[in-house]
Amino acid sequence: MTSREFFAQYRAAAWPTTDDVDQFVASAGELTTDDILKLLDLTTTRLGLPEQHRQRCFAFYRLAERVSDKSLFSPYVKALRAADPTLRALLIRLIPKVNSALDHPALVALLQSSDAQVRKEVAQILPTIGGRKVFELLGEMVGEPSFPGRLEAMEVVVAIVPHHAVPLLQTVLAVGNEVEKVRAIAYLTEPRCTARDPGAALAAIAGALGDGQESVVVSAIAGISALASEDDYLTQVGPYLESANLAL
């Protein structure tokens, strides 16, 4: 099969069954990085009927997993923005295979997406490939008041460097919304985050006692109960035990 015939068949995606896709993939021979980029472009445009697109996505994954060139990392990440759920799910599986640490900022930046599903899927990748640079980037992003990916950022940081997560979680307690603050307190009580410096975790939680959101204060009291000694608990939480607010 010539290169022209190969791309014509891929564009048409006239494969009735998965076995037909397998036969096409087997006949493809050795592919270059440029070939994969051409296939990615054809796949992203979603040619033809939905079933043709689905089969094309399956074929793309089978072909692309053969090529582990790191230069594919950025194009895959860029394609996530425009990809439909079928293609995006496959790109999520391909990205770790071409991991390029220098290009991690582009992937981390997707946590600023307004699409919650994109953020969720990016958060699944980052712990498998990320390290210090990802941690540093997220540390900067969580302090931005309008950052939509704070929940995902906490999830990633706690997964990759839980023993260094306390300062980031403390930032969330300062700028996050109610749900984000409650989640941060929950992380701050986990042994993987507190083992290195339980005092810092306790201090961060205690700072949330003055929060204006009732659920945050209730969570903080529970967090202090989990970490503090009896004397420290009574000192910090005592005034709240006499509150007229039944939730406290």
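Report follows, based on the coordinates. (Residues numbered from 1 in each chain as written. Predicted model: local features only at pLDDT ≥ 70, side-chain atom pairs only at ≥ 80, totals over all residues. Heavy atoms only, no water.)

1. Details of the overall build of the chain
Basically, it comes down to this: Here a helix means four or more residues in a row that DSSP labels H or I, a strand means two or more in a row labelled E, and each is numbered from the N terminus. Atoms counted for the radius of gyration: C-alpha only. Globule rule: 2.2 Å times the number of residues to the power 0.38. Here's how the labels work: a residue is buried when its accessible area is under 20% of the maximum for its type, exposed when over 50%, partly exposed in between, all with a 1.4 Å probe on protein chains only. The contact criterion used is simple: two residues touch if any of their non-hydrogen atoms lie within 4.5 Å. Methods summary: accessible areas were calculated by the Shrake-Rupley approach with a probe of 1.4 Å, and residue burial reflects only the protein chains presented. This count recognises Lys and Arg as positive and Asp and Glu as negative, with His and chain-terminal groups excluded. Where a charge lies is defined by one atom per residue type: Lys uses NZ, Arg uses CZ, Asp uses CG and Glu uses CD.
For the chain, the count of helices and strands is 16 helices and 0 strands. Relative to its length of 248 residues, the chain is extended, with a C-alpha radius of gyration of 24 Å against a globular reference of 18 Å. Taken over the C-alpha atoms alone, the chain extends approximately 80 × 30 × 30 Å along its principal axes. Buried positions account for 44% of the 248 residues belonging to the chain. Taking the intrachain contacts of the chain between residues at least 6 apart in sequence as the baseline, contacts between residues at least 24 apart amount to 67%. Entry remark: accessible area of the chain is about 12300 Å², with carbon and sulfur atoms responsible for 52%. Looking at charge distribution, the chain has the averaged site of its 23 positive side-chain charges lying 8 Å from that of its 30 negative ones.

2. Regarding the pattern of salt bridges
What counts is decided by this rule: One speaks of a salt bridge when a side-chain nitrogen belonging to Lys or Arg is within 4 Å of a carboxyl oxygen belonging to Asp or Glu.
The full count for this structure, using the stated rule, is 9 salt bridges. Each of Asp22, Arg62 and Glu65 takes part in one network of salt bridges that share partners.

3. Details of the nonpolar core
We apply this condition: In this text, buried Ala, Val, Leu, Ile, Met, Phe, Trp, Tyr and Cys residues form a nonpolar core when linked through side-chain atoms within 4.5 Å.
The biggest cluster of nonpolar side chains holds 80 residues, and the ones touching the most others in it are Phe60, Tyr76, Leu91, Leu107 and Leu138. Setting aside residues up to four positions removed in sequence, Tyr76 forms contacts with Ile36, Leu40, Phe60, Ala64, Leu91, Leu94, Ile95 and Val98.

4. Things to note about helix H14 (residues 198-206)
Rules: Along the arc lie the directions from the helix axis toward the C-beta atoms.
Buried within H14 are the following residues: Ala201, Leu202, Ala204 and Ile205. Viewed along the axis of H14, the buried residues span an arc of 160°, placing them on a single side of the element.

5. Section: the side chain of Thr43
Positionally, Thr43 belongs in helix H3 (residues 33-44). Note on Thr43: relative accessible area 0%, which makes it buried. What Thr43 contacts, discounting residues up to four positions off in sequence, is Tyr10, His53, Arg56, Cys57, Phe60 and Leu87.

6. A short note on helix H1 (residues 3-12)
When H1 is considered as a whole, its buried residues turn out to be Phe6, Phe7 and Tyr10. Projected onto a plane normal to the axis of H1, the buried residues spread over an arc of 90° and lie on a single side. The inward-facing, buried residues of H1 abut helix H2 (18-26), H3 and helix H4 (50-64). A positive backbone phi angle near 50° is found at Ala13, which sits one or two residues after H1.

7. Here we look at the packing of H14 against helix H15 (residues 214-227)
Selection criterion: Fitted lines through C-alpha atoms serve as axes, helices being fitted only where they are in contact, and the angles separating the N-to-C directions of these axes extend from 0 to 180 degrees. Any angle from 65 to 115 degrees is called roughly perpendicular, while one under 35 is roughly parallel, one over 145 is roughly antiparallel, and all others are oblique. Left-handed describes a crossing whose near helix is turned anticlockwise from the far helix by less than a right angle; the clockwise case is right-handed. Three classes are used: nonpolar for Ala, Val, Leu, Ile, Met, Phe, Trp, Tyr, Cys and Pro, charged for Asp, Glu, Lys and Arg, and polar for all others, with Gly counted as polar.
Following both chains from N to C, one finds H14 and H15 inclined at 155°, their axes separated by 9 Å at the closest point. With respect to their mutual orientation, H14 and H15 come out roughly antiparallel. The chirality of how H14 crosses H15 is left-handed. Residues Ala201, Leu202, Ile205 and Ala206 of H14 touch H15, and the partners they reach there are Ala220, Gly223, Ile224 and Leu227. Here the contact of H14 with H15 is composed, by residue class, of 7 nonpolar, 1 polar and no charged.

8. Things to note about unusual backbone geometry
A positive phi angle, close to 50°, is found at Ala13, a residue other than glycine. Topologically, Ala13 is positioned in the loop between H1 and H2. One non-glycine residue with positive phi stands out, namely Arg46, at about 55°. By secondary structure assignment, the location of Arg46 is in the loop between H3 and H4. Accessibility expressed as a relative area gives 47% for Arg46, which makes it partly exposed.

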